[in-house]
Amino acid sequence: MVDSFDILIVGGGPVGLWLACEVRLAGASVAVVERRQEGVLQSRAGTMHSRTLEMFALRGLAARFLASGKRQPEWHYGMLDTLLDYSRLDSRFPQTLRIPQATTEKLIRERAAELGVVYLSGHQAEAIRQDHSGVTVEGTTDKGRFHLQGRYLVGCDGARSLTRQQAGIAFLGHEPTHTWLLGDVRLDLPEGAPTMTKYNEHGGLLIAPPGDDGRSRIVVTTPDETNPALFRQELTLEELARKTRKILGTDYNMRDPFWLSRFSNETRLAERYRSGRIFLAGDASHIHAPFGGQGLNVGLQDAFNLGWKLAAVINGEAHDVLLDSYEAERRPVGKQLNDSTLTQNVLMTAFSRGGLGLRKMVSDCLAFPEVNEKIAGQISGFSVGYEDVGPLRGFSETPCVTGVGMRAPDCSVRREDGSETTVYQLLSSGHWLHLSFGTDATVSLVDALREESVIQIRSAERPHKFFEGATAVLIRPDGYSAGVL
Ligand SMILES: Cc1cc2nc3c(=O)[nH]c(=O)nc-3n(C[C@H](O)[C@H](O)[C@H](O)COP(=O)(O)OP(=O)(O)OC[C@H]3O[C@@H](n4cnc5c(N)ncnc54)[C@H](O)[C@@H]3O)c2cc1C
């Protein structure tokens, strides 16, 4: 028997699961095909940025993540001595959140179960095909073959994505040239020790403050870590401790590892994010060294951008051409992500006297609040906007051309009857939001949307400088403006 769904997602990691939540929330049927039987146990991504917390707030979920992590207002850039200060961001979440990837995945999986996402674990996808009418995925389980069909398919199947390969999309970039050692270990650090960095001619390292399990993450590299063949070699506690001692003079009694691994600076970006009915999101579309803790954050935002668009097309609200805006909006963000990590890579492999001088100079520049804020805004996803892409196409009405693609802030809104809410609470059901200020004027796109898709609020006042001079604003389900009157 062939099961049929609106959307098929290959890969049930955090990005695939989050995308599934979004399309399901908007009423489309979705199946996630995941080869693993169990979730990941390693901590992997440990940093959740403020725009990702805002994204979860846009679905009423931020409290779940905040309750499971540790707020940290500062985090490193290029392992420089001056840290990025996220506390200056104009957000309800002016910080990073230390939260293991395993916890993030667990919370998203719970959300998916609440929404009724069909999650097929133990399903290895092997063949992905498309024609003018739909997509199919075939593969194996321990009980035999499976065969699914759908209208669209999204490859969220990670760095070595089968979807990307079978869709014939090139993964442009370069091989590893440098590797880093990573351990989640117990250390006898001084009480209350902050994030610690050290760079000298012997190498460089970063030690994050301990998490709830009492372990710190330590990342180490040396000028010698340039042999890509060593990348696959198992890391021992002895090697990590020895290289730490050489740089720092101590290994803080390093012991009891939970996870030891290596990562590299292999950096690639998918040439396209779309091929017909097939899309890519998350690590399937961009890989890079995990500097600044960005990959998962950007992947989740990819999914957030694509989910409501797929659902709008499935629900007959928009034409297929709307889906082109996914690549137009998100591929430049993927490119910026790669550029950011490559820039940090230069700083983090600079062990010569001149290189160490360059590190000091950039570190001193980060001490200027404006510089620090600009880079914190980039790394956190906070300053991402789609203004340059222009109006959304694919709706039956001519779209508004002014005020498109800007991040809407989560400010309080007072309705005309005096009751209070916030912009993000109003968006938590995944609908569009139309806010008007003392007039009946509407942004034209509203007429192209189904009545039940748009929450319309007449606000007694303009609650934030974002709305200054506007008579009406339409906000997309992912929290960016779609037009301002
Ligand atoms: C050491 C380290 C530290 C990191 N730190 C951070 C950080 O602090 N912040 C951050 O934002 N990011 C960080 N990252 C990056 C982050 O881990 C990834 O970006 C994230 O896992 C990507 O999620 P994904 O869902 O796109 O892909 P994945 O997590 O790789 O999930 C892909 C899924 O697809 C499944 N799959 C693959 N092929 C098939 C198939 N053929 N059939 C069925 N299923 C398939 C896999 O089993 C897997 O579950 C870090 C990464 C590393 C290695």
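Residues numbered from 1 in each chain as written. Predicted model: local features only at pLDDT ≥ 70, side-chain atom pairs only at ≥ 80, totals over all residues. Heavy atoms only, no water.

Quick look at the overall build of the protein chain
1) Next: The helix and strand inventory of the protein chain stands at 11 helices and 28 strands.
2) Next: In terms of overall size, the protein chain behaves like a compact globule, its C-alpha atoms giving a radius of gyration of 23 Å where 485 residues would be expected to give roughly 23 Å.
3) Next: With the C-alpha coordinates of the protein chain rotated into their principal frame, the extents come out at 70 × 60 × 35 Å.
4) Next: Across the 485 residues in the protein chain, those meeting the buried criterion constitute 56%.
5) Next: For the protein chain, the accessible area works out to roughly 19700 Å², and carbon and sulfur atoms hold 50% of it.
6) Next: Of the side-chain charges in the protein chain, 53 are positive and 59 negative, and the distance between the mean point of each set is 3 Å. (Helix = DSSP H or I, 4+ residues; strand = E, 2+ residues; numbered from the N terminus. Rg over C-alpha atoms; globule rule 2.2 N^0.38 Å. Buried < 20%, exposed > 50% of the residue type's maximum accessible area, 1.4 Å probe, protein only. Areas by Shrake-Rupley, 256 points an atom, 1.4 Å probe, with all protein chains shown as cover. Lys, Arg positive; Asp, Glu negative; His and termini not counted. Charge placed at Lys NZ, Arg CZ, Asp CG, Glu CD.)

Focus: the packing of helix α1 (residues 14-25) against helix α7 (residues 295-314)
1) Next: At a minimum axis separation of 8 Å, α1 and α7 run at an interaxial angle of 30°. One way to sum up the angle between α1 and α7 is to call them roughly parallel. Judged by the twist between their axes, the crossing of α1 over α7 is right-handed. Here α1 contributes Pro 14, Val 15, Trp 18, Leu 19, Glu 22 and Val 23 to the contact with α7, which in turn contributes Leu 296, Gly 299, Leu 300, Ala 303, Phe 304, Leu 306, Gly 307, Leu 310 and Ala 311. (Axes fitted to C-alpha atoms, helices over the stretch in contact; angles between N-to-C directions. Parallel < 35°, antiparallel > 145°, perpendicular 65-115°, else oblique. Left-handed = near helix turned anticlockwise from the far one by under 90°. Contact = heavy atoms within 4.5 Å.)

Structural notes on the nonpolar core
1) Next: In terms of nonpolar packing, the biggest core is built from 100 residues, with Trp 18, Phe 65, Val 423 and Trp 432 touching the most fellow members.
2) Next: The dominant element in this core, judged by the number of residues it contributes, is α7, at 10 residues.
3) Next: Lining this core are residues from two domains, each supplying at least three of them: domain 1 (3-46 + 100-174 + 268-349) and domain 3 (387-484).
4) Next: With near-sequence residues (within four places) excluded, Trp 18 lies in contact with Met 55, Phe 56, Arg 59, Leu 61, Ile 108, Arg 111, Leu 300, Ala 303 and Phe 304.
5) Next: Core analysis: the next-biggest nonpolar cluster, separate from the first, contains 25 residues, Tyr 77, Met 79, Trp 259 and Phe 291 among them. (Core = buried A, V, L, I, M, F, W, Y, C linked by side-chain atoms within 4.5 Å. Domains from an automatic or database assignment.)

Topic: the sheet that holds strand β3 (residues 47-48)
1) Next: Ordered by their spatial adjacency, three strands build an open sheet running β3-β7-β4, and the pairing between neighbours is antiparallel. With one partner strand each, in any of the chains shown, β3 and β4 (70-72) form the two edges of the open sheet.
2) Next: Bridge analysis of β4 against strand β7 (residues 96-98) gives three bridges, and the strand direction is antiparallel. Across the sheet, Arg 71 pairs through a bridge with Leu 97, a residue of β7. (Pairing = 2+ DSSP bridges.)

Some thoughts on the UniProt feature "domain: FAD-binding" (unreviewed entry) in the protein chain
1) Next: With numbering aligned to this structure, UniProt lists the feature "domain: FAD-binding" (unreviewed entry) at residues 6-339.
2) Next: Across residues 6-339, helical content stands at 28% and strand content at 30%; the span's end C-alpha atoms are separated by 35 Å. (UniProt positions renumbered as here; feature names shortened; annotations may be inferred.)

Structural notes on α7
Residue pairs spaced three or four apart in an α-helix point in one direction, given the helix's 3.6 residues per turn.
1) Next: The first and last C-alpha atoms of α7 sit 28 Å apart over 20 residues, in line with the 28 Å expected at 1.5 Å per residue.
2) Next: One or two positions beyond α7, positive phi appears at Gly 316, with a value near 80°. (Expected span 1.5 Å × (residues − 1).)

Section: the site of the ligand
1) Next: Taken together, 30 residues are adjacent to the ligand, and Glu 34, Arg 36, Gln 101, Asp 283 and Leu 296 come closest.
2) Next: Within the backbone of Gly 46, one N or O atom sits 3.1 Å away from an oxygen atom of the ligand.
3) Next: A total of 1000 Å² of accessible area belongs to the ligand in isolation, and the protein chains cover 90% of it.
4) Next: Mapped onto the shell around the ligand, the elements with two or more residues apiece are α1, β9 (124-131) and α7.
5) Next: In terms of residue count, α7 provides more of the shell around the ligand than any other element does, three residues in total.
6) Next: For the shell around the ligand, the residue count by class is 10 nonpolar, 13 polar and seven charged.
7) Next: Domain assignment of the residues forming the shell around the ligand places at least three in each of domain 1 (3-46 + 100-174 + 268-349) and domain 2 (179-264). (Near = heavy atom within 4 Å. Polar contact = N/O pair within 3.5 Å; in protein donor to acceptor, adjacent residues only side chain to side chain. Nonpolar A, V, L, I, M, F, W, Y, C, P; charged D, E, K, R; others polar.)

Description of the environment of Ala 125
1) Next: Locating Ala 125 in the fold gives a position in strand β9.
2) Next: On the accessibility criterion, Ala 125 (12% relative accessible area) is buried.
3) Next: With 101 residues separating them along the chain, Ala 125 and Arg 24 place their C-alpha atoms 21 Å apart.

Digging into the side chain of Gln 101
1) Next: Relative to the assigned elements, Gln 101 resides in helix α4 (residues 101-115).
2) Next: Given the relative accessible area of 6%, Gln 101 is considered buried.
3) Next: Setting aside residues up to four positions removed in sequence, Gln 101 forms contacts with Pro 14, Ser 43, Arg 44, Ala 45 and Leu 296.

As for the pairing of strand β25 (residues 432-437)
1) Next: Burial runs high along β25: six of the six residues are buried.
2) Next: Along β25, one buried face is formed by Trp 432, His 434 and Ser 436 and the opposite face, lined by Leu 433, Leu 435 and Phe 437, is buried too.
3) Next: Inspection of the sheet shows β25 paired to strand β26 (residues 454-459) by six bridges, in the parallel sense. Within the sheet, the bridge partner assigned to Trp 432 lies in β26 and is Val 454.
4) Next: For β25 and strand β27 (residues 472-475), the ladder comprises four bridges, and the chain directions are antiparallel. By the bridge assignment for β27, Leu 433 is matched with Ile 475.

Examining the pattern of salt bridges
1) Next: With the rule as written, the count across this model stands at 40 salt bridges.
2) Next: In this structure, Glu 54 engages Arg 407 in a salt bridge whose closest nitrogen and oxygen atoms are separated by 2.9 Å. With a gap of 353 residues between them, Glu 54 in helix α2 (residues 50-57) and Arg 407 in strand β22 (residues 404-407) connect regions that are remote in the sequence. Judged on exposure class, the residue Glu 54 and its partner Arg 407 are both buried.
3) Next: Between Glu 238 and Arg 242 there is a salt bridge whose closest N-O contact spans 3.0 Å. Residue Glu 238 and its partner Arg 242 are located together in helix α6 (residues 237-248), separated by four residues, close to a single helical turn. (Salt bridge = Lys/Arg side-chain N within 4 Å of Asp/Glu carboxyl O.)

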